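# Coordinate inspection notes
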Amino acid sequence: MTRVIDFLDKYSKLENLIETHYNCGRDNCVMFLARTQEFKKYYEQLNYCREVRNVLSHNPKVEGQYLIEPSQAIIDLLDKIINLIDCPTNCYSICIKTEELLTASKDSKLLPLAKSMYFKGLSSVPILNYSRVIGVLTKSAIFSYVVQTERPIEADTVVSQLAEYTNIDKHYAFIDNDASLLQAQAIFEKAYEHNDKLAMLFVTEYGKPEDKLLGIITPWELIAKK
């Protein structure tokens, strides 16, 4: 029954961490965590942990033995949740850094930029002004510009001419560079819950549009970290 002691110790550690990190009371704090946007995916597992803990803590032993013994899987789950809270992976550590990105400015020539997007397989490129995101050039923006203005892309066509098609919309959001991986995942999940396709998170120091762009996170970076 050594797993019982291990389970109860880890459950208590989890409660302490939740109290500290979320500034909530100890009563039912595990279920408080399970209802947060970041951890709601673990709701059923955490509720099961709570029930097991209650059985072990509030029921007498039978002939010196606990009524149940937690599985190794449930103990591993507690370890995972504890690690996610105590040692979270932050957004900056997983983002594609700005210096690795193809970016544009208002004065960038559109034709060579579009060619680079095509050959690199990119559907969107951040438009920067003094390192700050002021828009996003996408394949659809280029298409809309050509169709609606009935103008060809000339050698001297620049990105600023597509300004009305490159605004930052609901498909993009900003996030603090110190935000956790779980927070980033929660933003994407919340968007999909509302049937919005969030294509990219812009990582900045404070998660504000006026901050310098540090990098981007797409769903692919999150999948790679799962």
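Scroll up to find the structure this text is about.
Residues numbered from 1 in each chain as written. Predicted model: local features only at pLDDT ≥ 70, side-chain atom pairs only at ≥ 80, totals over all residues. Heavy atoms only, no water.

Attention shifts here to helix α7 (residues 139-149). For α7, every residue scored as buried is listed here: A141, I142 and Y145. For α7, the arc enclosing every buried residue in end-on projection is 100°, short of the 170-degree limit, so these residues lie on one face. Of the exposed residues in α7, those oriented more than 90 degrees away from the buried face are F143 and Q148. Tucked into the core, α7 has its buried residues touching α6 (110-120) and β3 (132-138). Looking one or two residues beyond α7, the residue adopting positive phi is E150, at roughly 55°. (Buried < 20%, exposed > 50% of the residue type's maximum accessible area, 1.4 Å probe, protein only. Helix = DSSP H or I, 4+ residues; strand = E, 2+ residues; numbered from the N terminus. Arc of directions from axis to C-beta. Contact = heavy atoms within 4.5 Å.)

On a regular strand, one side chain projects to one face of the sheet and the next to the other, so that they alternate. Along strand β4 (residues 172-176), 4 of the 5 residues are buried, which leaves the element largely enclosed by surrounding structure. As for the winding sense of the linkage, the β-α-β connection from β4 through helix α8 (residues 181-193) to strand β5 (residues 200-204) is right-handed. (Right-handed = clockwise from strand over helix to strand, strands pointing away.)

What follows covers the sheet that holds strand β1 (residues 96-97). As summarised here, the arrangement of the 4 strands in space is β1-β6-β5-β4, forming an open sheet in which the pairing is mixed. Edge positions in the sheet fall to β1 and β4, since each has one partner strand and no second. Here 5 bridges tie β4 to β5, and the two strands are oriented parallel to one another. Within β5, the residue paired with F174 across the bridge is F202. (Pairing = 2+ DSSP bridges.)

Right, let's get into the pattern of salt bridges. Considering all chains together, one arrives at 7 salt bridges under this definition. The salt bridge involving D79 is made with K10; its shortest N-O contact spans 2.9 Å. Here K10 lies in helix α1 (residues 2-22) and D79 lies in helix α4 (residues 72-86), a separation of 69 residues in the sequence. (Salt bridge = Lys/Arg side-chain N within 4 Å of Asp/Glu carboxyl O.)

Turning our attention to the environment of T89. Counting through the fold element by element, T89 comes out in the loop between α4 and α5 (91-94). What makes T89 partly exposed here is its relative accessible area of 34%. Taking the C-alpha atoms as reference points, T89 and L181, 92 residues apart in sequence, are found 5.5 Å from one another.

Below, the discussion takes up the packing of aromatic side chains. Under the counting rule described, the total for this entry stands at 7 aromatic pairs. A centroid spacing of 6.0 Å and a plane angle of 40° characterise the contact between F7 and Y11, whose relative ring orientation is tilted. One end of the pair, F7, and the other, Y11, are both in helix α1, 4 residues apart, so they sit about a helical turn from each other. Each member of the pair, F7 together with Y11, is buried. By way of ring pairs, the aromatic residues Y172, F174 and F202 are connected into one cluster. Geometry around Y92 places K97 over its ring, the cationic atom sitting 4.6 Å from the centre. (Phe/Tyr/Trp six-rings, centres within 6.5 Å; stacked < 30°, edge-to-face > 60°. Lys NZ or Arg CZ within 6 Å of the ring centre and 35° of its normal.)

One pass over the full model with this rule turns up 0 disulfides. For C95, which is in no disulfide, the shortest distance to another cysteine sulfur is to C91 and amounts to 7.9 Å. Given the relative accessible area of 6%, C95 is considered buried. (Disulfide = S-S within 2.5 Å.)

Turning to the nonpolar core, a few remarks are in order. Formed by 27 residues in total, the largest nonpolar core has its most connected members in F7, L14, I18, L33, L46, I81 and I85. Breaking this core down by element, the ones donating at least two residues are α1, α2 (29-34), α3 (43-58) and α4. Sorting elements by how many residues they give to this core places α4 first, with 7 residues. Not counting the four nearest positions on each side in its chain, L33 is found in contact with L14, I18, Y22, F39, L46, I81 and I85. Counting 15 residues, the second largest nonpolar core, distinct from the first, contains C95, A184, A191 and L222. (Core = buried A, V, L, I, M, F, W, Y, C linked by side-chain atoms within 4.5 Å.)

The next subject is the side chain of T36. Relative to the assigned elements, T36 resides in the loop between α2 and α3. With relative accessibility at 12%, the residue T36 sits in the buried group. A distance of 2.7 Å separates a polar atom in the side chain of T36 from the backbone oxygen of L33. (Polar contact = N/O pair within 3.5 Å; in protein donor to acceptor, adjacent residues only side chain to side chain.)

Here the focus is a nonpolar patch on the surface. Together, V62, L67 and I68 give the surface a local cluster of nonpolar side chains, amounting to about 240 Å² of exposed area. Following the sequence through the fold, I68 ends up in the loop between α3 and α4. (Patch = residues over 30% accessible without salt bridge, like charges linked within 9 Å, V, L, I, M, F, W, Y side chains within 5 Å. Areas by Shrake-Rupley, 256 points an atom, 1.4 Å probe, with all protein chains shown as cover.)

Such coordinate-based values are descriptive only and should not be taken to indicate function.
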